Amino acid sequence: QVQLVESGGGSVQPGGSLRLSCAASGRIFSINDMGWYRQAPGKQRELVAAITRGGSTDYVDSVKGRFTISRDNAKSTVYLQMNSLKPGDTAVYYCKAEIKKTVWMVEDYWGQGTQVTVSS
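Report on the accompanying structure. (Residues numbered from 1 in each chain as written. Predicted model: local features only at pLDDT ≥ 70, side-chain atom pairs only at ≥ 80, totals over all residues. Heavy atoms only, no water.)

## Considering the nonpolar core
Here comes step 1: Residues Trp36, Leu80, Met82 and Tyr93 are the most contacted members of the largest nonpolar core, which totals 30 residues.
Here comes step 2: Counting only elements with at least two residues in this core, the list comes to strand S1 (2-7), strand S3 (18-26), strand S4 (30-39), strand S5 (46-51), strand S7 (67-72), strand S8 (77-82), strand S9 (91-100) and strand S11 (114-118).
Here comes step 3: Here this core gets 5 residues from one element, more than from any other, and that element is S9.
Here comes step 4: The residues contacting Leu80, other than those within four sequence positions of it, are Leu18, Arg19, Leu20, Trp36, Val48, Ala49, Phe67, Thr68, Ile69 and Tyr93. (Core = buried A, V, L, I, M, F, W, Y, C linked by side-chain atoms within 4.5 Å. Buried < 20%, exposed > 50% of the residue type's maximum accessible area, 1.4 Å probe, protein only. Helix = DSSP H or I, 4+ residues; strand = E, 2+ residues; numbered from the N terminus. Contact = heavy atoms within 4.5 Å.)

As structure tokens, this is what we get:
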């Protein structure tokens, strides 16, 4: 069994910061790409940021310069540092990991989601 457990969500005022964490555990050979997605009410889930095993990153335009994705391969954990938060960032945030359970078996796993609310 593989699990992704997220933490770090909450409520913050505009301009504030939050740091999300997502730790993978279980039967893991290695982890390829990891990413953070978000889904606001009435909207489709969108990719916010992604990071390869080697550390290459990509961001949706709306968060560039404000969010930073990073990972600790030794801890099987991905982070999302969110600064200068805006009300438009309000959503449920999900982490996703492409996990190799064996050399030949690769599956995508999702976290349970964590709520981020930005409001004055």
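## Considering unusual backbone geometry
The phi angle of most residues is negative, glycine excepted, and most peptide bonds adopt the trans form.
Here comes step 1: We note that Ser76 has phi near 55°; this positive angle belongs to a residue other than glycine.
Here comes step 2: As for its placement among the helices and strands, Ser76 is situated in the loop between S7 and S8.
Here comes step 3: The phi angle at Ser84 is positive, at roughly 50°, despite the residue not being glycine.
Here comes step 4: Tracing the backbone through its elements, the reader meets Ser84 in the loop between S8 and S9.
Here comes step 5: Look at Ser84 and you get partly exposed, because its relative accessible area is 40%.

## What to know about the state of the cysteines
Covalent bonding between the sulfur atoms of two cysteines is what defines a disulfide.
Here comes step 1: Summed over the entire model, instances satisfying the criterion amount to 1 disulfide.
Here comes step 2: The residue that forms a disulfide with Cys22 is Cys95, at a sulfur-sulfur distance of 1.9 Å. Because the torsion about its S-S bond is 45°, the bridge between Cys22 and Cys95 counts as right-handed. Of this pair, Cys22 sits in strand S3 while Cys95 sits in strand S9; the two residues are 73 residues apart in sequence, bridging distant segments of the chain. (Disulfide = S-S within 2.5 Å.)

## Considerations on the sheet that holds S8
Here comes step 1: Pairing within the open sheet is antiparallel, and its 4 strands lie in the order S1-S3-S8-S7. Since the sheet does not close on itself, it has two edges, and those belong to S1 and S7, each with one partner. Neighbouring strand axes in the sheet, compared pairwise and without regard to direction, differ in orientation by 15° on average.
Here comes step 2: As paired strands, S7 and S8 are joined by 6 bridges and run antiparallel to one another. Each residue of the ladder has a partner; that of Arg71, found in S8, is Val78. (Pairing = 2+ DSSP bridges. Axes fitted to C-alpha atoms, helices over the stretch in contact; angles between N-to-C directions.)

## Comments concerning the pattern of salt bridges
Here comes step 1: Per the counting criterion, the structure on display carries 6 salt bridges.
Here comes step 2: Measuring nitrogen to oxygen at the nearest pair gives 4.0 Å for the salt bridge that ties Glu107 to Lys101.
Here comes step 3: Relative accessible area serves as the criterion here: at 32%, Glu107 is assigned to the partly exposed category.
Here comes step 4: Taken together, the shared-partner salt bridges in this structure form one network comprising Arg38, Glu46, Arg66 and Asp89. (Salt bridge = Lys/Arg side-chain N within 4 Å of Asp/Glu carboxyl O.)

## A word on the side chain of Thr102
Here comes step 1: Here Thr102 lies in the loop between S9 and strand S10 (106-110).
Here comes step 2: The exposure class of Thr102 is buried, given its relative accessible area of 18%.
Here comes step 3: Polar side-chain contacts of Thr102 include one of 3.0 Å to the backbone nitrogen of Met105.
Here comes step 4: Excluding anything up to four places from it in sequence, Thr102 contacts Arg27 and Phe29. (Polar contact = N/O pair within 3.5 Å; in protein donor to acceptor, adjacent residues only side chain to side chain.)

Note that every value here comes from positions in space, so none of it alone points to a role or purpose.
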